[in-house]
Amino acid sequence: MKKEEIIMENSYQIARILDIPIKIHISFLLVLPFFAWMFAIQPEPFGFAGIESAFIKYILSLMTAILLFVSVLIHELAHSYFSLRYGGSISEITLYLIGGVSAMEGELRDPSNEAKMAFVGPFSSIIIGIFLLLLNYVFSPAISLSDGNPFFLMIFILGYINIILGLFNLIPAFPMDGGRILRAFLAQRMGFVEATEKAAFIGKILAFAMGLFGLFTSFWLILIAFFIYMGASGEEQQVRNRYEKYN
Ligand SMILES: [Zn+2]
């Protein structure tokens with residue numbers, strides 16, 4: 001519960017959707033301007049550095065950062081909507097440092113529903129991504145500021161990131177969505193606790209590999225690997241505790 005407690009402690013409710021409280025974590029307030037700044041200094045097609053007017057550059061960068069988190073929220077809402085439809089419960093959604101968390105009480109009973117619930121998040125990201133890239137392609141195929149509209153550059157960036165977000169989440173590194181799909185698959189062949197342990201073990205190995213790879217490539221990857229590793233350990237322990245209570 002540690003990680004969730006830390007996340008929930010410094011969170012503030014900003015909205016209520018599908019009757020689920022939507023909260024932002026305090027870390028998010030630091031990350032939002034940072035992301036906006038990243039978009040402002042990146043050259044096209046992944047940023048707005050080429051725009052001459054500083055005002056337009058920073059407005060577009062900030063909008064992109066905000067819409068990126070709206071994308072993460074839609075991803076989380078897709079999980080939540082599916083869970084609610086199939087008898088699960090969602091107490092809240094929190095946007096924090098590197099993504100979103102849907103707080104659920106337990107898992108869905110049926111592993112195949114659990115797998116579908118894990119899949120609808122990345123699936124919605126990929127669909128949004130394809131839609132935005134198509135929109136960009138139809139209206140502004142150049143992805144270049146010289147003959148394009150900077151608004152469509154934003155559409156391109158958001159489309160691209162949504163697809164990456166969807167594909168990345170499908171990596172079978174528990175507790176990421178792909179890892180949850182893997183666990184649901186394993187849970188059809190063994191006990192739920194054992195399936196969680198196996199998925200968490202694979203998640204930790206993948207996190208370790210990701211962190212190692214990150215050492216040579218990107219600091220972000222190291223950070224994400226760290227969160228996956230901690231998440232795998234934490235959730236494995238949670239599942240053990242919860243099931244011991246009933247046995
Ligand atoms: Zn997800």
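It should be noted that the structure appears before, not after, this text.
We now turn to the structure provided with this report. Keep in mind that this is a model prediction, so the values were computed, not measured.

Across its full length, the protein carries eight helices and four strands. Each helix and strand of the protein, placed in order from N terminus to C terminus, yields the pattern α-β-β-α-α-β-β-α-α-α-α-α. Looking at the protein as a whole, 46% of its 247 residues qualify as buried. For the protein, restricting intrachain contacts to residue pairs at least 6 apart in sequence, the fraction spanning at least 24 positions comes to 62%. Accessible area of the protein: about 13100 Å², with a carbon and sulfur share of 69%.

On inspection of all chains with the given rule, the structure shows 16 aromatic pairs. Ring centres 6.0 Å apart and planes at 40 degrees place the aromatic pair Phe34 and Trp37 in the tilted group. Here the residue Phe34 and the residue Trp37 both occupy positions in helix α2 (residues 26–41), the gap between them amounting to three residues, near one helical turn. Among the residues examined, Phe34 registers a relative accessible area of 32% and is labelled partly exposed. Look at Phe156 and Tyr160: their rings are 6.0 Å apart centre to centre, the planes differ by 25 degrees, and that puts the pair in the stacked class. Taken together, the residues span about one helical turn, with Phe156 and Tyr160 both in helix α5 (residues 150–169) at a distance of four residues. Taken together, the ring pairs in this structure connect Phe28, Phe34, Phe35, Trp37, Phe69, Phe219 and Trp220 into an aromatic cluster.

Here the focus is the pattern of salt bridges. One pass over the full model with this rule turns up eight salt bridges. The salt bridge partner of Glu194 is Lys198, with a shortest N-O separation of 3.3 Å. Of the two residues, Glu194 and Lys198 both sit in helix α7 (residues 192–216), four residues apart, roughly one turn of that helix. Beyond isolated ion pairs, a larger network of salt bridges with shared partners links Glu197, Lys204, Glu236 and Arg240.

Rules behind the numbers
Residues numbered from 1 in each chain as written. Predicted model: local features only at pLDDT ≥ 70, side-chain atom pairs only at ≥ 80, totals over all residues. Heavy atoms only, no water. Helix = DSSP H or I, 4+ residues; strand = E, 2+ residues; numbered from the N terminus. Buried < 20%, exposed > 50% of the residue type's maximum accessible area, 1.4 Å probe, protein only. Contact = heavy atoms within 4.5 Å. Areas by Shrake-Rupley, 256 points an atom, 1.4 Å probe, with all protein chains shown as cover. Phe/Tyr/Trp six-rings, centres within 6.5 Å; stacked < 30°, edge-to-face > 60°. Salt bridge = Lys/Arg side-chain N within 4 Å of Asp/Glu carboxyl O.

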